[in-house]
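Next come the chains, spelled out residue by residue.
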Amino acid sequence: METEKKTSLNFIEQIIEDDLSKGKHESIQTRFPPEPNGYLHIGHAKSICLNFGLAEEYNGKCNLRFDDTNPEKEDVEYVDSIRKDVEWLGFKWDGEYFASDYFEQLYTFACQLIEKGKAYVDDLTQDQFNKIKGTPTIPGKHSLYRDRTAAENLKLFQDMRAGKYANGEKVLRAKIDMSSPNMHMRDPVLYRIKHVDHHRTGGEWCIYPSYDFAHGQSDSIEQVTHSLCTLEFEVHRPLYEWLIRELEIFPTRQIEFARLNLSYTVVSKRKLLELVEGKYVSGWDDPRMPTISGIRRRGFTPQSVRNFAERIGVARRDGIIDVALLEHAVRDDLNKKANRVMGILDPVKLIITNWPEDKEETLKAINNPEDESAGTRDMPFSREVYIDRADFKEDPPSPRKWFRLGPDREVRLKYAYIIKCTGFKKGDDGEIEEIYAEYDPLTKSGEDTSGKKVKGTLGWVSAKHAINAEIRLYDRLFMTENLNDIDDDFKNYLNPNSLNINSRAMLEGSLKSANVGDQVQFERVGYFRVDEDSTTDHLVFNQTITLRDDWQKKGGN
RNA sequence: UGGCCUAUGGUGUAACUGGCAACACGUCUGAUUUUGGUUCAGAAGAGUCUAGGUUCGAGCCCUAGUAGGCCAACCA
């Protein structure tokens with residue numbers, strides 16, 4: 001699919017090809033710059049695919065850079081998970097850096113700005129500054145500390161670094177334009193005092209650069225040619241460029257694109273954190289979460305996420321992508337890769353009355369009709385099997401609409417025989433307890449000489465050989481399509497039925513040896529992945545996604 | 001209200017920079033099928049936010065509206 005010829009370029013590719021053809025750059029350098037303060041989600045996956053994908057496409061390089069300038073919120077736990085997630089997606093970064101690697105260099109940059117008279121130490125408290133800052137429509141006023149001399153500023157800044165001041169007592173500001181309609185140009189903070197240990201630099205620093213003074217400069221230091229970020233940073237671009245100009249450093253170009261929004265879910269670190277902390281989900285990797293760790297555990301494949309990212313494209317307009325697109329991407333990938341097995345979610349016993357008590361037969365089953373190299377396996381067949389309760393109806397609709405079993409109806413047990421229902425037993429509660437049928441010896445799969453044709457084919461497992469397992473069925477986490485449109489608490493829209501635990505499922509015995517991470521298709525049901533909660537005698541499967549079901553869609557059932 | 005950005009079928013992205021709007025998902029038909037899956041064949045669905053303008057000709061250019069988004073953390 002990498003070899004697929006592209007017919008059109010997205011706006012970023014157009015910029016890149018233009019830069020390359022005009023000789024502005026010989027090759028490109030991008031970067032993925034997460035802040036290690038949370039787990040990555042599907043929105044980050046879009047950015048990862050973009051940055052790494054572009055680098056691959058144009059034979060450039062892509063760094064992984066942790067934007068760790070706020071020690072209060074950041075932690076190594078997140079650094080590790082981020083590395084793991086990027087690797088899982090299948091990307092290799094060229095350089096691994098931390099903004100904190102550049103603290104000394106950044107400090108020097110700040111001093112240069114001070115010497116040029118382009119930055120000053122401000123003693124105003126946050127409140128005081130907020131009062132004179134103005135609003136987008138009202139110009140701000142100058143701080144009374146704005147005109148300190150370079151020498152004075154330099155001394156003060158050194159003292160800030162030396163720890164002579166308390167948190168919030170002073171900041172370093174760029175001296176730009178307090179009347180700019182762009183609030184980010186009204187003398188933005190470059191450095192603030194935080195007497196906090198940093199997860200990498202420890203107690204070395206008590207002043208930390210702000211995003212605006214760290215991100216762009218880090219890009220520049222790494223000679224990033226195209227710095228891709230989301231739309232909300234658009235208003236930062238004038239400042240980004242102002243700093244490059246004043247510092248006379250490598251001119252990285254910032255390009256903004258629309259962040260990913262997905263229907264029926266939230267894609268915001270803050271909200272996801274809320275779900276985790278409020279125990280609405282079991283953790284960052286709850287299979288219902290749109291985090292990379294969540295969808296990984298759920299059973300989405302790296303390839304499916306990358307295909308998805310490719311499909312949705314990249315542009316500058318805000319929108320919301322239908323999860324159906326993501327779901328299609330997984331089905332498409334798993335259809336090719338996942339072995340088929342029999343799994344009966346809601347088992348009911350079917351007794352083949354004309355099959356001898358002790359007789360067992362071994363049948364050949366195809367592992368994956370989409371991939372011949374997946375081979376075949378043996379399936380034991382015996383007198384008693386489980387079929388799904390939904391595959392039998394006491395009083396079924398016309399055979400044109402109902403292909404499955406019912407009194408006197410015939411169906412094929414896949415890979416086995418055609419059977420005819422001869423009766424059933426009902427419990428006091430009205431539940432079907434057993435179904436009786438007779439098999440036709442002439443209809444054995446592969447050597448059918450009966451000439452019979454049946455429309456329905458059922459999955460089954462030999463009762464004697466089947467194993468029980470826990471199946472976790474998932475539905476969308478939220479009931480509302482667009483969570484950005486609501487004005488009350490997003491948690492009010494949580495789907496109370498997003499998790500459904502099934503502990504009665506019976507699976508074919510071959511699954512006994514399944515390992516955590518294995519992915520299979522339960523025929524006619526969906527794709528499932530062995531969860532890490534599994535133990536040797538208790539398998540747990542996560543439903544990744546159901547199979548498409550036209551029949552149910554048309555009102556079947 | 002000030003600035004910036006965006007506006008194409010239900011959703012997302014295209015349209016070689018002005019030449020009769022394409023692709024994917026979704027939806028609907030039908031065929032095949034020992035998964036009501038897959039695959040295959042086909043259909044419906046927008047005339048490109050509105051109003052002007054430039055032009056032989058505009059989704060692409062200009063102007064003005066309208067709608068939506070973003071910006072007033074010592075967060076990123």
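What you see as residue numbers is a count from 1 along each chain, following the sequence as written. Lettering of chains starts at A and numbering of ligands starts at 1, both following the order in which they are written. Reporting of local features is limited, given that this is a predicted model, to residues whose pLDDT is at least 70; pairs of side-chain atoms are given and counted only at 80 or more, and all residues count toward the totals for whole chains, interfaces and linings. Note: side-chain values were computed over all heavy atoms of the structure, leaving out hydrogens and water.

**Describing the overall build of chain A**
Next up, step 1: Within chain A, the secondary structure is distributed over 13 helices and 25 strands.
Next up, step 2: C-alpha atoms define the radius of gyration in this analysis, and the globule rule sets the expected value at 2.2 Å times the number of residues to the power 0.38. Relative to a compact globule of 557 residues, whose C-alpha radius of gyration would be 24 Å, chain A shows 31 Å and is clearly more extended.
Next up, step 3: By its C-alpha atoms, chain A is 100 × 55 × 40 Å across when sized along the principal axes.
Next up, step 4: The buried label applies to any residue whose accessible area, calculated with a 1.4 Å probe on protein chains only, is under 20% of its type's maximum; exposed applies above 50%, and partly exposed to all values in between. Scored against the burial criterion, the 557 residues of chain A give a buried share of 53%.
Next up, step 5: Contacts are assigned to residue pairs with any non-hydrogen atoms lying within 4.5 Å of each other. Across chain A, the fraction of contacts at a sequence separation of at least 24, relative to all contacts at a separation of at least 6, is 70%. The helix and strand labels rest on DSSP assignments: H or I over at least four residues marks a helix, E over at least two residues marks a strand, and numbering proceeds from the N terminus.

**Notes on the nonpolar core**
Next up, step 1: Remark: nonpolar core denotes a set of buried residues (Ala, Val, Leu, Ile, Met, Phe, Trp, Tyr, Cys) joined through side-chain atoms within 4.5 Å. With 39 residues, the main nonpolar core has Ile 42, Ile 48, Phe 52, Val 86, Leu 89, Leu 262 and Phe 308 as its most contacted residues.
Next up, step 2: Sort the elements by how many residues they give to this core and helix 2 (residues 42-57) lands first, with six residues.
Next up, step 3: The split of the chain into domains comes from an automatic or database domain assignment. Here this core spans two domains, and each of domain 1 (11-257) and domain 2 (262-339 + 469-506 + 514-546) adds at least three residues to it.
Next up, step 4: The contacts of Leu 262, once residues within four sequence positions are left out, are Ile 42, Val 267, Phe 308, Ile 320, Ile 321, Asp 322, Val 323, Leu 326 and Glu 481.
Next up, step 5: Cys 111, Met 185, Leu 190 and Leu 247 belong to the second largest nonpolar core, which has 36 residues in total.

**Looking at empty space enclosed by the protein**
Next up, step 1: Site definitions follow a grid-based scheme: protein atoms alone, a 1 Å grid, a 1.4 Å probe that fits but cannot get out for cavities, and for pockets an open set with protein on both sides within 12 Å along at least five of seven lines, plus lining residues having an atom within 4 Å of a point. Grid points are joined across faces, edges and corners, and a volume is the space filled by probe spheres set on the points. Inspection of the entire model under this criterion finds one cavity of 30 Å³ or more.
Next up, step 2: As a volume, the largest cavity reaches approximately 50 Å³.
Next up, step 3: As for the largest cavity, its lining consists of Tyr 211, Asp 212, His 215, Gly 216, His 236, Leu 239, Tyr 240, Leu 243 and Gln 254.
Next up, step 4: Within the residue set of the lining of the largest cavity, elements represented by two or more residues are helix 7 (211-221) and helix 8 (237-247).
Next up, step 5: With four residues, helix 7 is the largest single contributor of residues to the lining of the largest cavity.
Next up, step 6: Polar here means any residue outside two lists: the nonpolar Ala, Val, Leu, Ile, Met, Phe, Trp, Tyr, Cys and Pro, and the charged Asp, Glu, Lys and Arg; Gly therefore counts as polar. When grouped by side-chain class, the residues that make up the lining of the largest cavity number four nonpolar, four polar and one charged.

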